[in-house]
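# Topology and contacts: notes
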Amino acid sequence: MSETVKIHPSWKSALDEEFEKKYFKELSYFVRKEYGDGVVYPPPKDVFRAFDLCPFDDVCVVILGQDPYHGPNQANGLAFAVHEGVTIPPSLKNIFKEIESDVGVAPQQNGDLSRWAQQGVLLLNATLTVRAHTPGSHQKRGWEVFTDAVIKEISHKKEHVVFLLWGNYAKQKGVVIDRTKHLVLESPHPSPFSVHSGFFGCKHFSKVNTYLRTHSIPEVDWR
């Protein structure tokens, strides 16, 4: 995969050294074998979709997820998102509820969040692939090292990016962020299992736009 990574040129340039590292080559071998041996999500063309829709220079917000969805026709390469026409997952339903409560607009009832990605929102899962019906199956194979490198690159080379860290896993992954030049917002995960412990009412979406506006960066239309 390191020789044939299909990713937006801005990210190819930013992460070129990462693609040549030993762990990434081992990860590439593992992922290629998994796709060959069984069903893996998302489809190969969507593995780096978050990067393709949101070039490095455009990143103004990062939302961190964990694994892609592991059910049929769900994972589309964007954290928390599904393709248009697919039933909206519970966590995304709760995200939409918080947006409506927070900023007073009703989001489109369409789970394909490419409309956010194209405004500079990087919807980044920590692990970019997963075996069908087997959550966590591609964890600890190298993806987390790669996505840590992505976060570090954004933190180091950019300014005034807002990072939304929902849940303990995302908070731990956010320890590499330079909080002196970026805004980090933390809350419980929007999952139905934890949402009532603080995700509802976190007002992250209005806080994102207030911060971006303060730094003369275009706001995100969360609809």
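Attention in this report is confined to the structure presented alongside it. (Residues numbered from 1 in each chain as written. Predicted model: local features only at pLDDT ≥ 70, side-chain atom pairs only at ≥ 80, totals over all residues. Heavy atoms only, no water.)

Attention shifts here to the sheet that holds strand 6 (residues 183–187). Strand order in the open sheet formed by four strands is 3-2-5-6, and the pairing between neighbours is parallel. Edge strands, defined here as strands with exactly one partner in the open sheet, are strand 3 (121–125) and strand 6. Looking at each pair of strands side by side, their axes are set apart by 20° on average, direction ignored. Strand direction decides the pairing type here: strand 2 (residues 61–65) and strand 5 (residues 162–166), joined by three bridges, are parallel. Its bridge partner lying in strand 5, valine 61 is registered against valine 162. (Pairing = 2+ DSSP bridges. Helix = DSSP H or I, 4+ residues; strand = E, 2+ residues; numbered from the N terminus. Axes fitted to C-alpha atoms, helices over the stretch in contact; angles between N-to-C directions.)

Below, the discussion takes up the pairing of strand 3. Counting buried positions along strand 3 gives five out of five residues, so the element sits mostly inside the fold. Here strand 3 shows no split at all, with Val121, Leu123 and Asn125 on one side and Leu122 and Leu124 on the other all buried. (Buried < 20%, exposed > 50% of the residue type's maximum accessible area, 1.4 Å probe, protein only.)

On to the nonpolar core, then. Among the nonpolar cores identified, the biggest contains 67 residues, and Trp11, Phe51, Val61, Trp116, Leu122, Phe146 and Ile154 are the most heavily contacted of them. Those residues in contact with leucine 122 that sit more than four places away from it in its chain are Trp11, Ala50, Phe51, Cys54, Val59, Val61, Val62, Ile63, Val150 and Ile154. (Core = buried A, V, L, I, M, F, W, Y, C linked by side-chain atoms within 4.5 Å. Contact = heavy atoms within 4.5 Å.)

It is worth spelling out the environment of tyrosine 41 at this point. Assignment of secondary structure puts tyrosine 41 in strand 1 (residues 40–41). Here the alpha-carbon distance between tyrosine 41 and valine 130, two residues 89 residues apart in the chain, equals 5.4 Å. With sequence-adjacent residues up to four places away left out, tyrosine 41 is seen in contact with Tyr35, Pro68, Tyr69, His70, Gly71, Pro72, Ala75, Leu128, Thr129, Val130 and Ala132.

Evaluated as defined, the whole model comprises twelve salt bridges. Notably, a salt bridge pairs glutamate 153 with lysine 157, separated by 2.6 Å at the nearest N-O pair. Note that glutamate 153 and lysine 157 are positioned in helix 6 (residues 143–157) at a spacing of four residues, about one turn of the helix. For glutamate 153, a relative accessible area of 14% puts it in the buried group. We classify lysine 157 as exposed; its relative accessible area is 53%. A salt bridge links glutamate 186 to arginine 179, with the nearest nitrogen and oxygen atoms 3.3 Å apart. Residue glutamate 186 is classed as partly exposed on the basis of its relative accessible area of 37%. Given a relative accessible area of 41%, arginine 179 falls into the partly exposed group. (Salt bridge = Lys/Arg side-chain N within 4 Å of Asp/Glu carboxyl O.)

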